[in-house]
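Remarks on the overall topology
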Amino acid sequence: MQVIVFDLLPYGEHLDHLKVGTELPHPLHKKHFKSEVAVKTYAEHLDAWEELDKLGYDGVGFNEHHTSPYGLMNSPNLMAAAAAQRTKNIKFLIYGNLLPLHQPLRLAEELAMIDCLSEGRLISGVARGIPREYVVHNVPMSESRARFEEAYEIILKAWTEEEFSYEGKFWSYKNVSIWPRPVQQPHPPIWVPITGSKESIEWAGKHNIPITPGGGSLGLREDIIIYYAKCLAASGHKITPEHLNFPMNVYIADSKAQAVKEAGPYHLYFNRTLFSHGNVTETNLQRKDGYVTDAASDYVRPENRQAAARNRADFRNMTMEDVERMAETGPWGTAEEVTERIIQTAEHAGANIVQISLNRGAMPHDMFIEQIRRFADKVLPAVQAHQIKSVPLADTAA
């Protein structure tokens, strides 16, 4: 299996003291921002990514979000370019550029530059973003999917055609040939994260694009994989373990109880404070703004529809008891437990790539580095040596 460490790069100082009720204010004003904290946060994460490279991890994942301490990677492309100069082998999963919000030709050019700067280590993730970002960028949510699909077509043409022209609803170009071109031909790998929308799964299946099945529960992730396998098959493709990269929150300690004690407070901070700051998570509310359709969750089994609803209270009201229950079945605990759980979960999902989070909730730098080193020493060799050969859930889709 390949192991990618997904790093949200949250603002390095906890901000619970600013909350009004259960929420951080949004917009969060300039007076609360400390430049020295941001400078330190960037430097520490660059150091961590360099350590990942030295210790043999397969990749590091970045993402794009705006106007929130949840993550300081407004431009993941800038972070990948910086990391390319500090590393030699690790791949950069940009997960992802928010296609509906940006000029697609500029994205195609920047990503080609990153592939050159890194000597072909780019994995280009494409995403729609979350409702908050459409409000900030003044882009109608009802246009999200159409913009996404149009931007994808333009980027692919820019990378692969000698010269291209395009007449679209949102962007048009005439007689364009970009320089530089990506190192990887015909283009860098393209992945897409799936939080649950039926239409996103169908799009990925149509274009044979690997996915990360997100969602709030294992059952919902199963539903995503099953429907994705059906969509791939409908377009003449067959699902393989390389089509799936599975997300996991990981923490190694001397015992499961110790893991909960050490990492639990940071997991609570992530869910109670940072996650979806200033955003609308609820699927029913997103429907009203046209971000998702009425049919977006039709494929989900009844027992998993609560997870698909993404109710804000499920995150904001999380307790330490909830964390303990999560740890019971998740990869938290001793190195042996973590290894076993990662392999079991990957086998069940049929995913030959795992995306692990080792620093959920603005964890201090020394704790993050300790987890990186401990995982590399005790878990990474066994996980990388284990190869997933099939996607068992695909049988359900047949």
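Overview of the structure. (Residues numbered from 1 in each chain as written. Predicted model: local features only at pLDDT ≥ 70, side-chain atom pairs only at ≥ 80, totals over all residues. Heavy atoms only, no water.)

What follows is about the overall build of the chain. Secondary structure assignment for the chain yields 16 helices and 12 strands. Scaling as 2.2 N^0.38, a compact globule of 398 residues should have a C-alpha radius of gyration of about 21 Å, and the chain matches this with 20 Å. In terms of overall dimensions, the chain has a C-alpha envelope of 60 × 55 × 45 Å along the principal axes. The buried share among the 398 residues of the chain stands at 56%. Expressed as a percentage of contacts within the chain between residues at least 6 apart in sequence, the contacts between residues at least 24 apart total 78%. For the chain, the computed accessible surface area is about 17,000 Å², with 52% contributed by carbon and sulfur atoms. Positive and negative side-chain charges in the chain, numbering 41 and 50 respectively, have mean positions lying 3 Å apart. (Helix = DSSP H or I, 4+ residues; strand = E, 2+ residues; numbered from the N terminus. Rg over C-alpha atoms; globule rule 2.2 N^0.38 Å. Buried < 20%, exposed > 50% of the residue type's maximum accessible area, 1.4 Å probe, protein only. Contact = heavy atoms within 4.5 Å. Areas by Shrake-Rupley, 256 points an atom, 1.4 Å probe, with all protein chains shown as cover. Lys, Arg positive; Asp, Glu negative; His and termini not counted. Charge placed at Lys NZ, Arg CZ, Asp CG, Glu CD.)

Here eight strands make up an open sheet; going across it, the order is β8-β7-β4-β3-β2-β1-β12-β9 and the pairing parallel. Edge positions in the sheet fall to β8 (211-213) and β9 (245-249), since each of these pairs with one other strand and no more. On average, each strand axis in the sheet is tilted by 25° relative to the strand beside it, whichever way the strands run. Along the sheet, helix α2 (residues 76-84) contacts β2 (59-62) and β3 (91-98); its crossing angle with β3, the most-contacted strand, is approximately 165°. (Pairing = 2+ DSSP bridges. Axes fitted to C-alpha atoms, helices over the stretch in contact; angles between N-to-C directions.)

On inspection of all chains with the given rule, the structure shows 21 salt bridges. R325 is the salt-bridge partner of D322, the closest N and O atoms lying 2.3 Å from each other. Placement of both D322 and R325 in helix α12 (residues 320-329) is noted, with a separation of three residues, approximately one turn of the helix. Assessed through its relative accessible area of 27%, D322 is described here as partly exposed. By sharing partners, the salt bridges in this structure join D47, E50, K54 and R86 into a single network. (Salt bridge = Lys/Arg side-chain N within 4 Å of Asp/Glu carboxyl O.)

Another aspect to go through is the pairing of β3. Burial analysis of β3 places seven of its eight residues in the buried class, which makes it a mostly covered element. By the bridge criterion, four bridges tie β2 to β3 in an arrangement that is parallel. Among the inter-strand pairings, V60 is bridged to a residue of β3, identified as F92. Considered for its hand, the β-α-β crossover made up of β2, α2 and β3 is right-handed. Pairing of β3 with strand β4 (residues 122-127) involves five bridges; the strand directions are parallel. Opposite I94, over in β4, you have S124 as the bridge partner. In this fold, the crossover linking β3 to β4 by way of helix α3 (residues 104-117) has right-handed handedness. (Right-handed = clockwise from strand over helix to strand, strands pointing away.)

Let us now look at the pairing of strand β12 (residues 353-357). With five of its five residues buried, β12 lies for the most part within the structure. Here β12 shows no split at all, with I353, Q355 and S357 on one side and V354 and I356 on the other all buried. In terms of strand pairing, β9 meets β12 through five bridges, oriented parallel. What sits directly across from M248, in β12, is I356.

With that settled, consider unusual backbone geometry. The step from H26 to P27 runs through a cis peptide bond, and the omega angle for that step is 5°. Within the secondary structure, P27 sits in the loop between β1 (2-6) and α1 (35-54). With omega at -5°, the peptide bond leading from W179 into P180 counts as cis. As for its placement among the helices and strands, P180 is situated in the loop between β6 (172-176) and β7 (190-194). Although it is not a glycine, N138 sits at a positive phi angle of roughly 55°.

Running from amino to carboxyl end, helix α8 (residues 256-274) crosses α12 at an angle of 125°, the nearest separation of the two axes being 10 Å. One finds that α8 runs oblique with respect to α12. Crossing of α8 against α12: the hand is right-handed. On α12, the residues touching K256, V260, G264, P265, H267 and L268 of α8 are M320, V323, E324, M326, A327 and E328. Its residues assigned to classes, the contact of α8 with α12 shows seven nonpolar, two polar and three charged. (Parallel < 35°, antiparallel > 145°, perpendicular 65-115°, else oblique. Left-handed = near helix turned anticlockwise from the far one by under 90°. Nonpolar A, V, L, I, M, F, W, Y, C, P; charged D, E, K, R; others polar.)

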